[in-house]
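What follows is each chain in one-letter form.
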Number of protein chains: 2
Amino acid sequence: MNKFVYDIPTKVYFGREQLSHLGDELKKFGSRVLLTYGGGSIKKMGLYDAVLKEIEKAGLELFELSGIEPNPRIESVRTGAQMCKEHKIDVVLAVGGGSTIDAAKFIAAGACVDHDPWDFLSKTWAPIHKALPIVSILTLSATGSEMDTAAVITNFATQEKIGRLDRNLLPRVSFLDPTNTFTVSPYQTACGSADIISHILEVYFAPEQDLYMLDCFMEGMLKTVIKYAPVAMKEPDNYEARANLMWTSSWAINGFITAGKRHAWSCHPIEHELSAFYDITHGLGLAIVTPRWMEYCLEESNVDKYVQFAVNVFGVEPSQDKMAVAKKGIELLANFFFETLGLDDNFTKIGIKSEDFPAMARKACAGGVISGFKPLAQADIEKIYQMCVE
Amino acid sequence: MNKFVYDIPTKVYFGREQLSHLGDELKKFGSRVLLTYGGGSIKKMGLYDAVLKEIEKAGLELFELSGIEPNPRIESVRTGAQMCKEHKIDVVLAVGGGSTIDAAKFIAAGACVDHDPWDFLSKTWAPIHKALPIVSILTLSATGSEMDTAAVITNFATQEKIGRLDRNLLPRVSFLDPTNTFTVSPYQTACGSADIISHILEVYFAPEQDLYMLDCFMEGMLKTVIKYAPVAMKEPDNYEARANLMWTSSWAINGFITAGKRHAWSCHPIEHELSAFYDITHGLGLAIVTPRWMEYCLEESNVDKYVQFAVNVFGVEPSQDKMAVAKKGIELLANFFFETLGLDDNFTKIGIKSEDFPAMARKACAGGVISGFKPLAQADIEKIYQMCVE
């Protein structure tokens, strides 16, 4: 059990009708706001107008950058950072899902330097000394970007999708109104839920044990997603379901459950290459990869953790045959992803070709062997990709 | 499900050998430190010397107030506040358990006003506009004061024990090193554990439902205390047990699990009168009161929550006879307090006399009927006290 520092000061307004606090929160940072968002969905749902009303009411000066992509691209970050400099922006307000918030994070950091923002993510790994304050209004429960220090940016020119953690990227304030996710489609709800589950499992399946309390929390969050994702898909405006998914998305990845664990994540780098090469939805890629990764890592020495998972999350009856219990847990997770949530269950269905496996695997472990639950070198990752074919 | 604001910016250094960060953290607030602590235990365990070494290394100026009582008294608060004014203190460093941290909170607030600090707690309920920054080093897992906005102060002159929540009272930084609780006696470990359990049950048993995710967390924390309190009593230097109890103590009461619930707490005001009249250990009083309170509140309309508790926390087999399952859960909790932890199971054993019940009950609901899981007026509270006699 390692020591750790817990330091997550993001202030969260959770629930309906909290937007009246937006103006006051923004004003704490200054008067010039860059509003960033993706496509037109926030206009259709009325959120855009509501945000503008609050900004106007607070007497703030507004600048806008729309069109942030899913798997947000470095080009958008460059544009946003440039706008911040030109217009002397005080605070970046991201309205959207994880992609929009991730882009806002590197826009906010890019605004404070003279170099290309990609230098933060490319081999130069430029230091992030500061960033403009970031405020977010979340519209998709998935990545947890609303309450964490991470952001992932894609550079199609170099076929790279790279993430980075930095305290300067942590949103100061986030508005989590479950009703803002009522319009999320069943498919995106499923992908977001798979993303949340993956975040938890990346920490849960670790080579070192940490606090039992946190294992209980992780199992609770997994049960929450398993209980409510199907409800939210069937009844998009079920507040209880949307609220549970939303708060779980934040706590799955804000660092709380990680505590002193130091191992690397596995499924995320393996999946990032899928998105980088094929621009597929992150959560879908994770759903396909995760059960295969679990199967690949399973061995006598770590079977107890799988048993714990199967019993505590899926209610599998414990038995002497631990391997059977473990495999049942993996099977039930796969069933959840592919039957309950209805996600595509293999690479063939989504057009990912085996000829790219060596290149993707090489990039996934470009930083060296992935020292996760089980160490994974390029050959291991290729095997996991192969398991995903059908 | 109500809206809520989550805003808990306390930074926590968790684990062994984190004290090297103390000087830097204190320096952020200034150079003049008031160190507060209780009896000599922190000297015996070597923590006092370790703290002084860090303060000296950081070149800070030190002032000391020792002798903070369990159930800390307003007299100590007055002395501390006066010292802060006289010595122009910049930051209050509390080293100890909940009592020491609670006292530090009102010392820090009292330092910023001209009036008697008791005015914050007496009928005048003077506003708390600000307080000096508070840093804590925890030595007892129990009250959660290290990460919450609450403090409870006793005034024996008026036979009052009064608590108050205020954001200005939230510690800025807390050091949670489980090894600092290795010297906590089995009895105090038991009382602290009962306190943690009570904090959770006060929220868990609520008239309104909130997030399922948080119910899972609460059940996880209850299981954690039930698993590790007996271990810590038998093996005082079991790091895993102490660490689990410590982190649970903070999360049981920092506001996270409360989310949008607005009901009043019940057992705490009922118990506070025991401590105010008899100066008994808070956790012991809670252990005696809690199962009786649960029994008193149980009815057909709320039996499902008891069943959930019995099944998910104690693994009771669900059955058609919900009342039987519910009562089994209460019985197992009582067994845990009185058999596993070995705490006294009734008032007679600890010298609390029935002649005081009317006065204690009247004071417990001095602010009106306690609108908790089940509304409790004076007569209800007297009945609960009566159930505690034997």
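What you see is a predicted model, and the numbers here were worked out from it, not measured in a lab.

1. Brief notes about the overall build of chain A
Then, in step 1: What chain A contains, in helices and strands, is 15 helices and 11 strands.
Then, in step 2: Relative to its length of 390 residues, chain A is compact, with a C-alpha radius of gyration of 20 Å against a globular reference of 21 Å.
Then, in step 3: With respect to the three principal axes, the spread of C-alpha positions in chain A is 65 × 45 × 45 Å.
Then, in step 4: Among the 390 residues that make up chain A, the fraction classed as buried is 55%.
Then, in step 5: Partitioning the contacts of chain A with sequence separation of at least 6, the portion at a separation of at least 24 is 76%.

2. Quick notes on the relation of the copies chain A and chain B
Then, in step 1: Overlaying chain A with chain B gives an RMSD of 0.0 Å, the required rotation being 180° about an axis along which the chain moves by 0.0 Å. Such a turn and shift between the copies fits a two-fold axis. The C-alpha atom lying nearest the rotation axis in chain A is that of P9(A); the distance is 2.1 Å.
Then, in step 2: Interface residue correspondence from chain A to chain B reaches 100%, placing this contact among same-surface, isologous pairings.

3. Considerations on the interface of chain A and chain B
Then, in step 1: Contacts between the two partners involve 33 residues from chain A, matched on the other side by 33 residues from chain B.
Then, in step 2: Only β1 (4-6), β2 (11-14), α7 (212-234) and α8 (239-251) of chain A provide two or more residues apiece to the side of chain A that touches chain B.
Then, in step 3: In terms of residue count, the dominant contributor to the side of chain A that touches chain B is α7(A) (9 residues).
Then, in step 4: Residues belonging to the side of chain A that touches chain B are distributed by class as follows: 17 nonpolar, 8 polar and 8 charged.
Then, in step 5: Relative to strand β1 (residues 4-6) of chain B, β2(A) is paired through 3 bridges, and the arrangement is antiparallel. Residue pairing in the sheet places V12(A) in a bridge with Y6(B) of β1(B).

4. A few points about the domain arrangement of chain A
Residue and element names in this part refer to chain A.
Then, in step 1: Taken domain by domain, chain A consists of domain 1 (11-180) and domain 2 (189-387).
Then, in step 2: Listed as interface residues are 18 residues of domain 1 and, on the opposing side, 22 residues of domain 2.
Then, in step 3: Looking at the side of domain 1 that touches domain 2 residue by residue, the classes come out as 7 nonpolar, 7 polar and 4 charged.

5. Comments concerning the environment of M246(A)
Residue and element names in this part refer to chain A.
Then, in step 1: Summarising the element assignment, M246 is placed in helix α8.
Then, in step 2: Look at M246 and you get buried, because 27 C-beta atoms sit within 10 Å.
Then, in step 3: Along the chain, M246 and L201 lie 45 residues apart, while their C-alpha atoms are 17 Å from each other.
Then, in step 4: Ignoring sequence-local partners within four residues, the contact set of M246 consists of L138, S141, L176, P178 and T181.

6. What to know about helix α6 (residues 186-204) of chain B
Then, in step 1: Along its 19 residues, α6(B) runs 27 Å from first to last C-alpha, staying within 8% of the 27 Å computed at 1.5 Å per residue.
Then, in step 2: The buried fraction of α6(B) is high, at 17 of 19 residues.

7. What about the sheet that holds strand β4 (residues 61-65) of chain A?
Then, in step 1: Read from one edge to the other, the open sheet built from 7 strands follows the order β4(A)-β3(A)-β5(A)-β6(A)-β9(A)-β2(A)-β1(B), with strand pairing classed as mixed. Edge positions in the sheet fall to β4 of chain A together with β1 of chain B, since each of these pairs with one other strand and no more. Here the average twist between neighbouring strands, direction ignored, is 20°.
Then, in step 2: Bridging between β2(A) and strand β9 (residues 173-176) of chain A involves 4 bridges; their strand directions are parallel. Looking across to β9(A), one finds that V12(A) is bridged to S174(A).

8. A short note on the packing of α7(A) against helix α7 (residues 212-234) of chain B
Then, in step 1: At a minimum axis distance of 8 Å, the contact between α7(A) and α7(B) shows a crossing angle of 155°. Classed by the angle they form, the pair α7(A) and α7(B) counts as roughly antiparallel. In this structure, the crossing between α7(A) and α7(B) has a hand that is right-handed. Within the contact between the two elements, α7(A) uses Y212(A), M213(A), C216(A), F217(A), G220(A), M221(A), K223(A), T224(A) and K227(A) and α7(B) uses Y212(B), M213(B), C216(B), F217(B), G220(B), M221(B), K223(B), T224(B) and K227(B).
Then, in step 2: A per-class count over the contact of α7(A) with α7(B) returns 10 nonpolar, 4 polar and 4 charged.

9. Looking at the pairing of strand β5 (residues 91-96) of chain A
Every regular strand shows the same layout, with side chains that alternate between the two sheet faces.
Residues and elements named next belong to chain A.
Then, in step 1: Of all 6 residues making up β5, 6 are buried, and the element is well covered by its neighbours.
Then, in step 2: Burial along β5 is two-sided: the face carrying V91, L93 and V95 and the face carrying V92, A94 and G96 are both buried.
Then, in step 3: Note that strand β3 (residues 32-37) and β5 share 5 bridges and pair parallel. Looking across to β5, one finds that Y37 is bridged to V95.
Then, in step 4: In this structure, β5 lies alongside strand β6 (residues 134-138), joined through 5 bridges in parallel fashion. Of the residues in β6, the one forming a bridge with A94 is S136.
Then, in step 5: As for the winding sense of the linkage, the β-α-β connection from β5 through helix α5 (residues 98-110) to β6 is right-handed.

10. Overview of the nonpolar core
Inside soluble globular proteins, nonpolar side chains tend to come together where they are buried.
Then, in step 1: Counting residues in hydrophobic clusters, the biggest one holds 279 residues, and the most contacted among them are V92(A) and V92(B).
Then, in step 2: Setting aside residues no more than four positions away along its own chain, V92(B) makes contact with L34(B), T36(B), A104(B), I107(B), A108(B), L132(B) and I134(B).

11. Focus: α7(A)
Then, in step 1: With 23 residues, α7(A) should reach 33 Å at 1.5 Å per residue; the first-to-last C-alpha distance of 34 Å fits that figure.
Then, in step 2: The largest bend along α7(A) reaches roughly 30° and is located at Y228(A), with the proline P230(A) sitting one to four residues downstream.

Rules of the game
- Residues numbered from 1 in each chain as written.
- Chains lettered and ligands numbered in written order.
- Predicted model: local features only at pLDDT ≥ 70, side-chain atom pairs only at ≥ 80, totals over all residues.
- Helix = DSSP H or I, 4+ residues; strand = E, 2+ residues; numbered from the N terminus.
- Rg over C-alpha atoms; globule rule 2.2 N^0.38 Å.
- Buried ≥ 20, exposed ≤ 12 C-beta atoms within 10 Å, placed from the backbone.
- Contact = placed C-beta atoms within 7 Å.
- Least-squares fit on C-alpha atoms with pLDDT ≥ 70 in both.
- Nonpolar A, V, L, I, M, F, W, Y, C, P; charged D, E, K, R; others polar.
- Pairing = 2+ DSSP bridges.
- Domains from an automatic or database assignment.
- Expected span 1.5 Å × (residues − 1).
- Axes fitted to C-alpha atoms, helices over the stretch in contact; angles between N-to-C directions.
- Parallel < 35°, antiparallel > 145°, perpendicular 65-115°, else oblique.
- Left-handed = near helix turned anticlockwise from the far one by under 90°.
- Right-handed = clockwise from strand over helix to strand, strands pointing away.
- Core = buried A, V, L, I, M, F, W, Y, C linked by C-beta atoms within 7 Å.
- Bend = angle between axes of the 7 residues up to and from the residue.

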